[in-house]
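Overview (structure and organization)
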Amino acid sequence: MLDSYCKVLNKNRFKVTRQRKAILEAMEKAHGVHLTADDIYMDVKQNFPEIGISTVYRTLELLARLNIVHKTSFDEGKFRYEFCEDEGHYHHHFVCNGCGSIIEVEEDFLHHLESALEERGFIITDHKVQLYGYCPECRDRHTE
Ligand SMILES: [Zn+2]
Ligand SMILES: [Zn+2]
Ligand SMILES: [Zn+2]
């Protein structure tokens, strides 16, 4: 996994520096979690105390540009990062208003909507969906 990301960097003439590698490793370790730049910074800093938060931001921007990571805003005023998926289309997210957990939603019914629009002559390149509500653990506390 990590190797293929390093190859993408090399192919685009970016060096796989120790810090870039450490950032990729921190993200791989937290697989399935949607990390903020701060989370990644706190992790990488343990082995690279000299790293600055701006290096983390710049690296994440670079990784996003190379389609290695995907960044999403969950209306918290900051981005969260995760690795891109191979299949191309990005999954959707459910955000719990109770505990704040971010859950990946694999179901996707929007392709029907896309084809309906395409029949009318539109070209749809992508879509984004974020669902909000209460997860099964929180629902009882928030619904009567
Ligand atoms: Zn919850
Ligand atoms: Zn996700
Ligand atoms: Zn979708």
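Residues numbered from 1 in each chain as written. Chains lettered and ligands numbered in written order. Predicted model: local features only at pLDDT ≥ 70, side-chain atom pairs only at ≥ 80, totals over all residues. Heavy atoms only, no water.

Examining the sheet that holds strand 1 (residues 35–36)
Counted only if it meets this: In this analysis, strands are considered paired if DSSP registers two or more bridges between them. Only DSSP runs of H or I with at least four residues qualify as helices, and only runs of E with at least two residues qualify as strands; both kinds are numbered from the N terminus onward. Here a residue-residue contact requires only that any non-hydrogen atoms of the pair lie within 4.5 Å. Comment: axis = line fitted to C-alpha atoms, over the contacting stretch for helices; angle = value between 0 and 180 degrees taken between N-to-C directions.
If you trace the 3 strands from one edge of the open sheet to the other, you get 1-3-2, paired in antiparallel fashion. Looking along the sheet, the strands with just one partner apiece sit at the ends: strand 1 and strand 2 (69–73). Pairing between strand 1 and strand 3 (residues 79–83): 2 bridges, direction antiparallel. Looking at strand 3, one finds that Thr36 is bridged to Arg80. Of the strands in this sheet, strand 1, strand 2 and strand 3 are in contact with helix 2 (residues 18–29), which crosses strand 3 at around 85°. Sheet contacts for helix 4 (residues 53–65): strand 2 and strand 3; angle to strand 2, the most-contacted strand, approximately 110°.

Describing the sheet that holds strand 6 (residues 130–133)
Taking strand neighbours across the sheet as the criterion, the 3 strands line up as 5-4-6 in an open arrangement whose pairing is mixed. Both outer strands of the open sheet, strand 5 (102–105) and strand 6, are each paired with one neighbouring strand and no more. Ignoring strand direction, the axes of neighbouring strands in this sheet form an average angle of 25°. Examined bridge by bridge, strand 4 (residues 92–96) and strand 5 share 4 bridges and lie antiparallel to one another. Counted as the bridge partner of Val95 is Ile102 from strand 5.

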